[in-house]
Amino acid sequence: MGAALERAAQWTAAGSGTGTLEITPLNESLLNQIIKFAEEFSTKHPEEAAFVFREPLEWKTQLDSSVFGKGYVVNEAAVQSEATSRDGQPLLLLSASTLRVRSFDQLSRVTQIAMEKKLKEAQACLEANRDPIVKILGPEYATVEGEDTSILHLFDKVKRGYDPETEMKMKIILLLHQLDLQLLNSSLKQISQDVRLNPAAVNSEVNLLKNFSGKGEDTVLESLEYTSDYVFANGCRAPPWRQVHGDICYLVIKPHDTDPLYITCNTAGVFLNGGLLKGKELDYERKSDVYKDIVTFLRERSPRFVENMAKQEYSFFKEPAYEKNSQYVEGADAEVSGQSQNLYDSTEKKVKSSAAGRRSTGKKLQPTMQWKNTGLSASQRPKSSDKASKKDTEEEGRSSTVSSKMKKKFSANAKSLKINRASGRKTSSSLEDVSDSSSDAEEDEQPIRRQEGTTDLSPEYWGIQKLSKYVKAGDPTATVIALCSMRDFNMAQESCQLAFKDTGCLEVLINLLDTEETNCQTGSLKILKEISQNILIRHAIADLGGLEIMVKILDSPDKDLKCLAAETIAHVARFKRARKTVRQYGGIRKLVGLLECVSVGTPYQAKDTEIARCGALALWSCSKSTKNKKAIRKAGGIPLLATWLKCSDANILIPVVGTLQECASEPSYRLAIKTEGMIENLVKNLSSEHEELQMHCASAIFKCAEDKQIRDLVRQHGGLQPLSVLLDNSENKKLLAAVTGAIWKCAISIENVSKFREYQTIETLVGLLTDQPEEVLINVVGALGECCQEKINRSTIRRCGGIPPLVKLLTATDQALLVNVNKAVGACATETENMMIIDSLDGVRLLWSLLKNPNPDVQASAAWALCPCVENAKDSGEMVRSFVGGLELIVSLLKSKNKEVLTSVCAAIANIAKDEENLAVMTDHGVVPLLSKLANTNDNKLKRHLAEAVCNCCMWGSNRAAFGEYKAVGPLVRYMKTNDPSVQRAAALALYQLSEEASNCIIMHEGGVVKLLLVMVGSTDDPLQEAAAGCVANIRRLALATEKAKYG
Amino acid sequence: MSRKRLQFLAESLSRSTKHFSEVEVECLIKLFDALLARSCSQFAVSGFNRIAFRDTLFAAFGMTDDVVLDRVFSTFDRSNSGCITVVEWVEGLAILLRGTLEEKIKYCFAVYDLNGDGYISREEMFQMLKDTLIKQPADEDPDEAIKDLIEIVLKKMDYDHDGKLSFADFEQAVKDENLLLEAFGPCLPDIKSRIAFEERVFPDTRKL
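- If you look chain B up in an unreviewed UniProt entry, it shows as EF-hand calcium-binding domain-containing protein 1 isoform X2 from Pipra filicauda.

- The name an unreviewed UniProt entry gives chain A is Armadillo repeat-containing protein 4, with Pipra filicauda as the organism.

### Here's the deal with the overall build of chain B
Next, step 1: The helix and strand inventory of chain B stands at 10 helices and 2 strands.
Next, step 2: Seen in sequence order, chain B has helices and strands lined up from the N terminus as α-α-α-α-α-α-β-α-α-β-α-α.
Next, step 3: The buried share of chain B, taken over its 208 residues, is 46%.
Next, step 4: Contacts in chain B between residues at least 24 apart in sequence constitute 58% of all its contacts with a sequence separation of at least 6.
Next, step 5: With an accessible surface of roughly 10800 Å², chain B has 53% of that area assigned to carbon and sulfur atoms.

### Observations regarding the pattern of salt bridges
Side-chain pairs of opposite charge can arise where the charged atoms are in close proximity.
Residues and elements named next belong to chain B.
Next, step 1: Applying the stated criterion across every chain yields a total of 41 salt bridges over all chains.
Next, step 2: Residue Lys-175 is joined to Glu-102 by a salt bridge in which the shortest nitrogen-to-oxygen separation is 3.6 Å. Of the two residues, Lys-175 is situated in helix α9 (residues 167-176) and Glu-102 in helix α6 (residues 101-112); the sequence distance between them amounts to 73 residues.
Next, step 3: A relative accessible area of 41% places Lys-175 in the partly exposed class.

### Examining the nonpolar core
Next, step 1: If you look at the biggest cluster of nonpolar residues, it comprises 289 residues, and the most contacted ones within it are Phe-500, Trp-848 and Leu-991 of chain A together with Tyr-107, Phe-170 and Phe-184 of chain B.
Next, step 2: When residues no more than four places from it in sequence are discounted, the contact partners of Tyr-107 of chain B are Val-72, Thr-75, Phe-76, Ile-95, Leu-96, Cys-187 and Leu-188 of chain B.
Next, step 3: If you look at the next biggest cluster of nonpolar residues, it comprises 37 residues, including Leu-31, Leu-94, Ile-133 and Ile-136 of chain A.

### A few points about the sheet that holds strand β1 (residues 52-60) of chain A
Residues and elements named next belong to chain A.
Next, step 1: The 5 strands are arranged β1-β5-β4-β3-β2 in an open sheet whose pairing can be described as antiparallel. Of all strands in the sheet, those bounded by a partner on one side alone are β1 and β2 (72-75). Averaged over all pairs of adjacent strands, the angle between strand axes in this sheet comes to 10 degrees, irrespective of strand direction.
Next, step 2: Sheet analysis places strand β3 (residues 78-81) next to strand β4 (residues 92-95), joined by 2 bridges and oriented antiparallel. Bridge assignment links Val-79 to a residue of β4, and that residue is Leu-94.
Next, step 3: Across the face of the sheet, helix α4 (residues 104-114) comes into contact with β1, β2, β3, β4 and β5 (98-103) while running at roughly 135 degrees to β5.

### Details of the packing of aromatic side chains
All names here are of chain B.
Next, step 1: Inspection of the entire model under this criterion finds 19 aromatic pairs over all chains.
Next, step 2: Summarising the aromatic geometry, the rings of Phe-53 and Phe-76 are spaced 5.0 Å apart at their centres and angled 55 degrees between planes, so their arrangement reads as tilted. A residue pair is termed long-range when its members are at least 10 positions apart, and Phe-53 in helix α3 (residues 50-61) and Phe-76 in helix α4 (residues 66-76) qualify at 23 residues. The burial state of Phe-53 is the same as that of Phe-76; both residues are buried.

### So, the UniProt feature "domain: EF-hand" (unreviewed entry) in chain B
All names here are of chain B.
Next, step 1: When the UniProt feature table is mapped to this numbering, "domain: EF-hand" (unreviewed entry) covers residues 64-99, 100-135 and 145-180.
Next, step 2: Regarding residues 64-99, the helix share stands at 67% and the strand share at 0%, and the terminal C-alpha atoms are separated by 21 Å.
Next, step 3: Taken as a whole, residues 145-180 contains 64% helix and 6% strand, while its terminal C-alpha atoms sit 19 Å from one another.

### Observations concerning the interface of chain A and chain B
Next, step 1: Residue-level contacts link 22 residues of chain A with 24 residues of chain B.
Next, step 2: Linking chain A with chain B are 4 salt bridges.
Next, step 3: Measuring nitrogen to oxygen at the nearest pair gives 3.4 Å for the salt bridge that ties Lys-192 of chain B to Glu-516 of chain A.
Next, step 4: At the level of secondary structure, the elements contributing two or more residues to the side of chain A that touches chain B comprise α18 (459-473), α19 (476-486) and α22 (518-531) of chain A.
Next, step 5: Take the side of chain A that touches chain B: its biggest share by element is 6 residues, from α19 of chain A.
Next, step 6: Of the residues contributing to the side of chain A that touches chain B, the split by class is 8 nonpolar, 7 polar and 7 charged.

Calculation notes
Residues numbered from 1 in each chain as written. Chains lettered and ligands numbered in written order. Predicted model: local features only at pLDDT ≥ 70, side-chain atom pairs only at ≥ 80, totals over all residues. Heavy atoms only, no water. Helix = DSSP H or I, 4+ residues; strand = E, 2+ residues; numbered from the N terminus. Buried < 20%, exposed > 50% of the residue type's maximum accessible area, 1.4 Å probe, protein only. Contact = heavy atoms within 4.5 Å. Areas by Shrake-Rupley, 256 points an atom, 1.4 Å probe, with all protein chains shown as cover. Salt bridge = Lys/Arg side-chain N within 4 Å of Asp/Glu carboxyl O. Core = buried A, V, L, I, M, F, W, Y, C linked by side-chain atoms within 4.5 Å. Pairing = 2+ DSSP bridges. Axes fitted to C-alpha atoms, helices over the stretch in contact; angles between N-to-C directions. Phe/Tyr/Trp six-rings, centres within 6.5 Å; stacked < 30°, edge-to-face > 60°. UniProt positions renumbered as here; feature names shortened; annotations may be inferred. Nonpolar A, V, L, I, M, F, W, Y, C, P; charged D, E, K, R; others polar.

And the structure:
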């Protein structure tokens, strides 16, 4: 609890030495927690409670000896506990209002005895014992800032030999630390809710109030004056030694109805101070509660203020002469809208609005129009503390429109802050590792403003500020010394990184880059390289024009300098604008140039490798923008990357392969990867010992293997086996995602599937169907789908129990995943035995419901998957009918605009229509006109499935005639003329069915179908032959009948 | 100087300094002779005196700091003869142009160790750093700032905490942070003037 007391609790500022705890809500909650801890201690930890303190905790109590009862010996004013320590001293001793307590047991008794006075007692106790741990355990356990090793020492002791006392101490110190943490946490919560004033806010509030002050009945105040006219550069009026305590300025306020009020505006809020002492000196001690602003304060103090404030409303609107005010209101309004925008938020705007958010911490406190409202209702409700007043403002928010708007702002603000905080934390960890590879889309990062508001500055801030003085005022020699010394700070620490920005040192560092002094440039870059790990710094460097100078430095003859510049560029260029800047200043060409350092003939020299490594790192960062990919290619980067790919140093391979895999989203790179023989090296490095390298290689293969030749190359270079082996490393999810992706794409080739079967990859993949992140699942399922090309694999999946998890995944939400799952389930359903399992798991219903998914790809893949299901399920007709509304749904999909959806739905309908009852239902839902409408398509695949659907739909009622009426026959005849045999076949089958209807025969005949059919009569495909012949026969029969009718 | 003697000198020097080829040493010797002839034609001296040396380094590398240049002179002048002979010239330039880090550390330390007692003391640092800060009228005491700077240096470089820099301290510090090589003032030519100098003096012989 030492740390919490030292840092979180609010000690009265003026007092040095003992000091007193202020009565603030924060302190109160701290005290209450400590009391609770003490109270429960003896019951929770009975053994530790008996531990005798090194020294007694001693404080002036207000407890009377009479309250001590059982277990205590009371004689006159003195009280002794019956319990004593081993050496016979009483554990509790009260004499002359001084209480000495020597164990937790007694402490908790005291708190129980004190009843309602326990808060006072705890306060007195802590005031008298600023660091209770020292008294309890001894001085070696004093609370120290920073690293505390006392526990470790103790732990050592415990380990060395069994000693019940040390062990006890250990337990106690752990308990106390726990409490400490708890206290800090809870106070942090409170502190972060605290709103803080700043000079600008106070100033505008004072100006506003001044406008409504003066002589006269209707003014809100008689006068309001600063005690000092001198304004310091930071906007404060308080003397510097008081600014340290957060004081901003002091005001003398003369309300109409009370004596002059002397108030202090502090960053923590507004409160009454002790007023003028003799000799014109102010008594700075706080004399009242803290209020969040002057208006709130005055509302408490002066009824007339409240009253007149209400009257002001009208004049306020009438007189736009108060320029300052109207401006002010505008500002506030603009901010409200700004904030709500922030909520809906396009991350783009975040930069801007976060700047606004920063301003708003101040503005939030400033009185805007709504203060009149709060003023009004405040008069109806008495309030005692600022906590209550805060609550009130919110309540009023509900009752009045103006402030409800305001409230929205509050919550919006709070929300955005929360987001900021959450993502801020992320930033510092791994949010944007370079290894976060991008897909085709250009990825971008957004700066997130950290929460400002606390005026406390880190020690790093002061340290760096001091050194930056030498950088600014020194010649190169002094500058270099200061820069080197700065590097002793822990640059990986966020507070340190930001200190460079806050002290303005960043500008100086960037200016140094623009000098001719190699040493200064080097020193500056060494720092920039480190601190540019921070997202805010990166953006600041870009804003200050640092990138263009660094690009210039890439030409320097000094190799170290070049390396540093390239590495820093690699760090900075993680967002789009920076990447663009690098490109625009010709950076890409120069970076590619760094890769050229390979000394001809000689083996790679260390320096050159290092330069190339840095160059590759920078290119990697830059390659996340499409235009930069192009620029790299144009600058001749691909052959250089290919050359470096042949080396065996993982340090350089990682950025090189990283760049390649990033660029592999471009077709030109995929071509180059194929033709420059890079696949061989990529495959080789799959067996590297660096997981990151393996990942990038796999990822490059993943992106390239859409190309058949590349798939074959991967197989020929023996890449499939290492890929299968890598599946065993299921801990590294990024690696797993890349590897499964590569397997998926490679499995598109059936030759590769056979290889995978050899390596038993399918079994492993099935094992990865559960408990994996989505990006892995997508690829695993995709791979399984492709492996199902081989019949044997389909049963392997079943044998390994892969079907239930697959079916379960049909309930996923990710669309890419659903598409793959649909494909895989569909592929599995081609086996009757698989189908039985799918059916028993209700998989068909799940597939069917995916037809409702808004994504056309999901719809199409679901419809495709339904085809084999309907074909292979037992009692499929019955099953389909059992889906309420299912048939209507699928028929309605014929209205889709997506070709693939239409094709797949036609295929599904062709299958469903085999069941007569279902066909009847579909006919009712208008399947015939919908199919007919689609007949005039150019797409061969659609033609084929459409013809099949038409063929199967003819089997019901007057559908044949209906197709004729809806003009489907003509187009079908034309299908016969395409050069795709499968379309011709399907069309012939459909025409045969349609030719059963006389009117259709006429249309067919007119379309010249007989000639086309006669060719097919010669086909070796029996059903086709039969259909063609049947169709011709039907036409012929009609002709004969007509002739007979005519002439007969 | 006879052709033969020149060749002999060049050969032995290129062997002893290791950094230059024979041809390069020859070029340097010729440059030495030419500069010498120009600077003090009337006296038949065997080397540069202090002023001539200073002018030469300024012309060649743009080095201007007088305090440091004096020290560079003394460091070049191994024999303490008050003038720099051709051998000292070539050996000195070997370090300036091609020296390894170790050689440079030795050289820099020798330059900075003003009184040659093997330590860089606070006073010596003050001497070397006193003009490094731009005087600002608002500043309290400019000397204070320099003293602060010296403390910063000591904190960074004084590994054995004896309040002065020994060679071991200096070597360690520079190895940890190369930038500290020229911690007390520029005494090595920067890379650009170095390249320019080599291009000028070694025509066509520069190897990559």
